[in-house]
Amino acid sequence: MSGPTRMIPHSRPSIEAADIRAATDVLHSRRLAQGGIVDQFERGMAAYFGLPGGVAVTSGTAALEVALRVLGIGTHDEVLLPSYVCAAPLLAVQRVGAIPRLVDIDLDTFNIDPSAASRAVTSKTKALIVPHLFGLSAALSDLHQLGVPIIEDCAQTLGAVGQGRSVGSVGIITVCSFYATKPLCAGEGGMVLSRDESLLERARRLREYDETPSLYPWATNLKMTDLHAAIGLAQLNRLGSFLERRSALAEEYRSALSGTPPIQPLVPSGHTHTYYRFVLRLPDLADQPDGLQDLIGRFETQGLQCRKPVFRSLHRYLEIEGFPAAEEAERTALSIPLFPALTDEEVAKILLAIRAEWS
C-alpha cells in the first residue's frame, strides 16, 4: 500500500545558510530588538528603490496605516483602493477613520482599473492605494495623471517595471511587506519608503514613543526587530536570483500550458512580470459557483496545493455591488505554486498535473 501523497505547498520561503547565519549572528549578539541591523535593512531597501530612506515596521499592514497617517488622512477623507485585493488596505483605511472608496479592476491584469479610479475621484479623495498584484505593475503613468497622492503597495511586486517606470518610483509613499510568503521574506515585517524626508520623519515618530521630547498623536510600538531585519537583509542580497528563478519557472509553466484553455498571466507591452503568483484565468468557470473549488480539490488529490489568489473581494465584506470584474476574478482565477524554493522534482510534478488537467 502506498503512503499519503506529499503535498507541494502553494508557497514556501527560500531559507538558506546565509539566512540562518544572519539570524544566528543576531542571537549571539544578544541585541534582538530594533538596532543597527534594522538601520542597514532600511538603507538597503531604500537603495533598491532609488529612494533616500525607509522606516521599518512590524508588518505590511502597519506600513499602510503609517503611510495614511503621515499624509494626515483621517475622518471624512476618502481613499481609493481596488476591491480585488487582500483585506490589509481596507483595514488600514478603516483604522485611520477614513472612508474607503472601492474601485473595480482590469480583469486582464487583476490591477486597479485607471478609468474606474478616475470616475471615483471626488473633492474628498486624499489618496489612492495602488497594490501591484501578483508580480505585475499597475498602470502607474495613467494613475499618476489623476493628480491624487499615490501609496504604492509593492508587497508582491519588487523589481517589476510598468510603462517605463519601476514600481515604488511614482508614489509619494511606497510600502512593502516581508511576510513569510512574500518575494522578500523576513518572516514578518514591513517598511514605509519615500523621497520626502519629512514624511519619513513622521513615520519614525509614529512607530515608537520612547525617549522622545514630546508625544506624537497615534504613536505606538511598531518597531521591527534586528532578528527579522537580518533575515530580510540576507534575502535582499539574493533577490535578483529569486526573480530569475521565478521567471524561469514561469516560462516552463507557459510552455506546458500552451494551447490549453486557461488564460495565462498577461504581460502588457512596456511591463515586466516578476511572478509572485502564477495566476491562471478560467472563463468557463464563471457560471459555475463551485467550479473553482472543485478544481482546487482535484489538484489536491494529486498533491498540489492551489489557491484563490484573493480570498474575498473587499466589496463583499462591505456588502456593496457594482464590481463585475472583481467578481469574475473571484470565480475564475487560480494560483498554482510558483516560488524559488521549488525543487526540480516538484516542478516536474506540477507540470504533470497541469498537463493532465488540461491536455
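Look up a bit, the structure's there.
Note that the coordinates shown come from a computational prediction; the quantities given were computed from them, not determined experimentally. (Residues numbered from 1 in each chain as written. Predicted model: local features only at pLDDT ≥ 70, side-chain atom pairs only at ≥ 80, totals over all residues. Heavy atoms only, no water.)

Peer 1: Please give an account of the sheet that holds strand E3 (residues 99-103) that cites residues and values.
Peer 2: Overall, mixed pairing links the seven strands, which are arranged E1-E9-E8-E5-E4-E2-E3 in an open sheet. The open sheet has two free edges, formed respectively by strand E1 (53-57) and E3, since each of these has just one partner strand. Each neighbouring strand pair of the sheet contributes to a mean axis angle of 20°, computed without reference to strand direction. Note: strand E2 (residues 78-82) against strand E4 (residues 125-131), three bridges, orientation parallel. If you follow Leu80 over to E4, its bridge partner there is Leu128. (Pairing = 2+ DSSP bridges. Helix = DSSP H or I, 4+ residues; strand = E, 2+ residues; numbered from the N terminus. Axes fitted to C-alpha atoms, helices over the stretch in contact; angles between N-to-C directions.)

Peer 1: I'd like to hear about the environment of Tyr209, residue by residue, with values.
Peer 2: Examined against the element boundaries, Tyr209 turns out to sit in the loop between helix H7 (197-207) and helix H8 (226-236). Once the C-alpha coordinates of Tyr209 and Asn221 are considered, the two residues, twelve residues apart in sequence, prove to be 7.1 Å apart. In this structure, Tyr209 is in contact with Leu215, Ala219, Thr220 and Asn221, ignoring residues within four places of it in sequence. (Contact = heavy atoms within 4.5 Å.)

Peer 1: So what about the nonpolar core? Which residues, and what values?
Peer 2: Among the nonpolar cores identified, the biggest contains 45 residues, and Leu68, Val79, Tyr84, Phe110, Ile129 and Ile151 are the most heavily contacted of them. Those elements giving two or more residues to this core turn out to be E1, helix H3 (60-70), E2, helix H4 (88-95), E4, strand E8 (173-177), H7 and helix H12 (324-332). When sequence neighbours within four positions are dropped, the list of residues in contact with Ile151 reads Leu64, Ala67, Leu68, Leu71, Ala127, Leu128, Ile129, Val130, Ile173 and Val175. Among the nonpolar cores identified, the runner-up in size contains 28 residues, and Ile8, Leu249, Tyr275 and Ile354 belong to it. (Core = buried A, V, L, I, M, F, W, Y, C linked by side-chain atoms within 4.5 Å. Buried < 20%, exposed > 50% of the residue type's maximum accessible area, 1.4 Å probe, protein only.)

Peer 1: Tell me about the layout of surface pockets, and name the residues and values.
Peer 2: Space inside the largest pocket adds up to approximately 690 Å³. A per-class count over the lining of the largest pocket returns 15 nonpolar, eight polar and seven charged. (1 Å grid on protein atoms, 1.4 Å probe; cavity = no way out; pocket = protein on both sides within 12 Å on 5 of 7 lines; lining within 4 Å. Points joined across faces, edges and corners; volume = space filled by probe spheres on them. Nonpolar A, V, L, I, M, F, W, Y, C, P; charged D, E, K, R; others polar.)

Peer 1: How would you sum up the packing of helix H10 (residues 291-301) against helix H13 (residues 344-358)? Please name residues and give values.
Peer 2: Relative to each other, H10 and H13 sit at 130°, their axes nearing to 11 Å. It follows that H10 is oblique to H13 by the angle criterion. In the packing of H10 onto H13, the handedness of the crossing is right-handed. Contact residues: Leu295, Arg298 and Phe299 in H10; Ala353, Ile354, Glu357 and Trp358 in H13. (Parallel < 35°, antiparallel > 145°, perpendicular 65-115°, else oblique. Left-handed = near helix turned anticlockwise from the far one by under 90°.)

Geometric values such as these leave the question of function open.
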